[in-house]
Amino acid sequence: MGSTRADYNVLSYGAKPDGTTDSTKAFLKAWVAACSSTRAATIYVPKGRFLLKAVEFRGPCKSRIIVRVDGTLVAPSNYRELGNSGYWILFIKVNNIMYLGGSLDARGAGFWACRKSGNNCPPGARSITFNWANDILINGLTSINSQMAHLVINSCNNVLVKNVKMIAPDHSPNTDGIHVQGSVGVTIMGSTLQTGDDCVSIGPGTKNLFMTNIKCGPGHGISIGSLGREQNEDGVQNVTLTNSIFSGSDNGVRIKSWARPTTSFVRNVLFQNLVMKNVENPIIIDQNYCPHSQGCPNQSSGVKISGVIYKNIRGTSATQNAVIFDCSTSNPCRWIRLQDISLMYMNKPASSSCNNIGGTSAGVLVPKSCL
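The following paragraphs examine the structure supplied in this document. Just so you know, these numbers come straight off a predicted model, no measurement behind them. (Residues numbered from 1 in each chain as written. Predicted model: local features only at pLDDT ≥ 70, side-chain atom pairs only at ≥ 80, totals over all residues. Heavy atoms only, no water.)

So, the overall build of the protein chain
For step 1, the next point in the chain: Regarding its fold elements, the protein chain presents two helices and 29 strands.
For step 2, the next point in the chain: Against the globule reference of 21 Å for 371 residues, the protein chain gives a C-alpha radius of gyration of 22 Å, in line with a compact fold.
For step 3, the next point in the chain: Each of the three principal axes of the protein chain carries a C-alpha extent, and together these read 65 × 45 × 40 Å.
For step 4, the next point in the chain: Counting contacts in the protein chain only where the partners sit at least 6 residues apart, residues at least 24 apart contribute 74% of the total.
For step 5, the next point in the chain: Surface summary for the protein chain: the accessible area is close to 15200 Å², and the carbon and sulfur share equals 49%.
For step 6, the next point in the chain: Positive and negative side-chain charges in the protein chain, numbering 35 and 20 respectively, have mean positions lying 5 Å apart. (Helix = DSSP H or I, 4+ residues; strand = E, 2+ residues; numbered from the N terminus. Rg over C-alpha atoms; globule rule 2.2 N^0.38 Å. Contact = heavy atoms within 4.5 Å. Areas by Shrake-Rupley, 256 points an atom, 1.4 Å probe, with all protein chains shown as cover. Lys, Arg positive; Asp, Glu negative; His and termini not counted. Charge placed at Lys NZ, Arg CZ, Asp CG, Glu CD.)

See the structure below:
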C-alpha cells in the first residue's frame, strides 16, 4: 500500500483467489476503505477466481473510485445462495466510478434449469447493476451465464459502456445482455451481446441513449419495451442505434408495447447502418403484446409511437415477412420513415405488412414499403 496513492488490493482484506473461499466480506472491506478515501481510490482485484455472494457496494463516496479487475468474480455454485434480492453485484447511489476489465461468471445454468422445471425458484439475480449512479464508465467487462440480465443500468445519468461481452446460451431465459431504464445519457459502444433474451432492452424512462458498433445475436435483438405494462409509465425518447450487426437473432430492431391503456410513449428514434444476417423479424413494431391475454381490455395499446427512422438497413431475413408494423388501433404509429432498406428472404425480396401506421419512405426499398 503506497502512501501517495489510495490503492486497495482485495487480497489485503482477506480475499482468496481460489474460487471457493467466500471473499464477499473482504471485497466489502476494500469498498468501505476506498469509499471513505478523500483521494481518488483504486480497488484492485488481481488474477484468479473470487467467490462472491450477493453484495451491495453503496455510496455516496468521498471521491472517484476505479475498480480494476484482472480476475474473475464467480457466484456460488448453488444458485439459491444468491438469495431473493434480485441482485448479485449491486452498485447503489455512487458517482464517478470506473469499472475496468475482469469477468463475471454467475453460473446461471442451475437457475435456468429450475425455471424450466417450474419448481419454486428464487426470483433470479441480475449479475451487475448500477442503481441511482452518475458518471459511470464500464470498460472491457466480460459476463457469462447470468441468472437473469447481465448488466442493468437503472435511474442513472451519464453512463458509458465500452467493449463489453455478455454471453449466455440462446435457450437461457431472460438473460438480457444490457437493460437500461429510467436513465439519461447512456452510451453503449463496441460490444458483443450473445444471450437468450434481448441483446439490449430499453425500458421506461430512457432518454438520450446512443448505441454504436454492437454485435447482436443469438438473442432477441435490440428492443424498446415492452412498454405500457403500467397505466402511469414514463416514455422512451432520443434513442440512436448505428453501425451494428445482427446475426441469427430472433428479432432485429423491435419496439414492443402491451395492448392496454398507458401514458407511455416512444419518440425520436434512429436505426441506421445496420446489417441483418439471417434474422427473424429484422424490423418490427408489435403493439399487441399481451401474454396469457391478461388485463388487455379492447386489446389496444396506449403507447404513442412517433418519429422513428429506419435508414440503410440491409441483409437477409429468416422470415418471409421482414418488416412488420403492427401498431395500435387507438394510437396509430406516426411519422415513421423508411429509407434505403434491402432485406432478402431465400434470395428473393422479403415482404412487409402495415397496420395502423402513417409515415413516409424514400430511396431503394426492398421489400416495397407498405407505409
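Side note on the packing of aromatic side chains
For step 1, the next point in the chain: In the structure shown here, the tally under the stated rule is 10 aromatic pairs.
For step 2, the next point in the chain: When the ring of Phe271 is compared with that of Tyr310, the centres are 5.4 Å apart and the planes differ by 35°; the resulting orientation is tilted. With Phe271 in strand β22 (residues 265-279) and Tyr310 in strand β24 (residues 304-317), the pair connects residues that are 39 residues apart, well separated along the chain.
For step 3, the next point in the chain: Among the aromatic residues, those joined into a ring-pair cluster are Trp31, Phe57, Phe91, Tyr99 and Phe130.
For step 4, the next point in the chain: Over the aromatic face of Tyr289 sits the side chain of Lys256, whose NZ or CZ is 4.0 Å from the ring centroid.
For step 5, the next point in the chain: In this structure, Arg334 packs its charged tip against the face of Trp335, placed 4.4 Å from the ring centre. (Phe/Tyr/Trp six-rings, centres within 6.5 Å; stacked < 30°, edge-to-face > 60°. Lys NZ or Arg CZ within 6 Å of the ring centre and 35° of its normal.)

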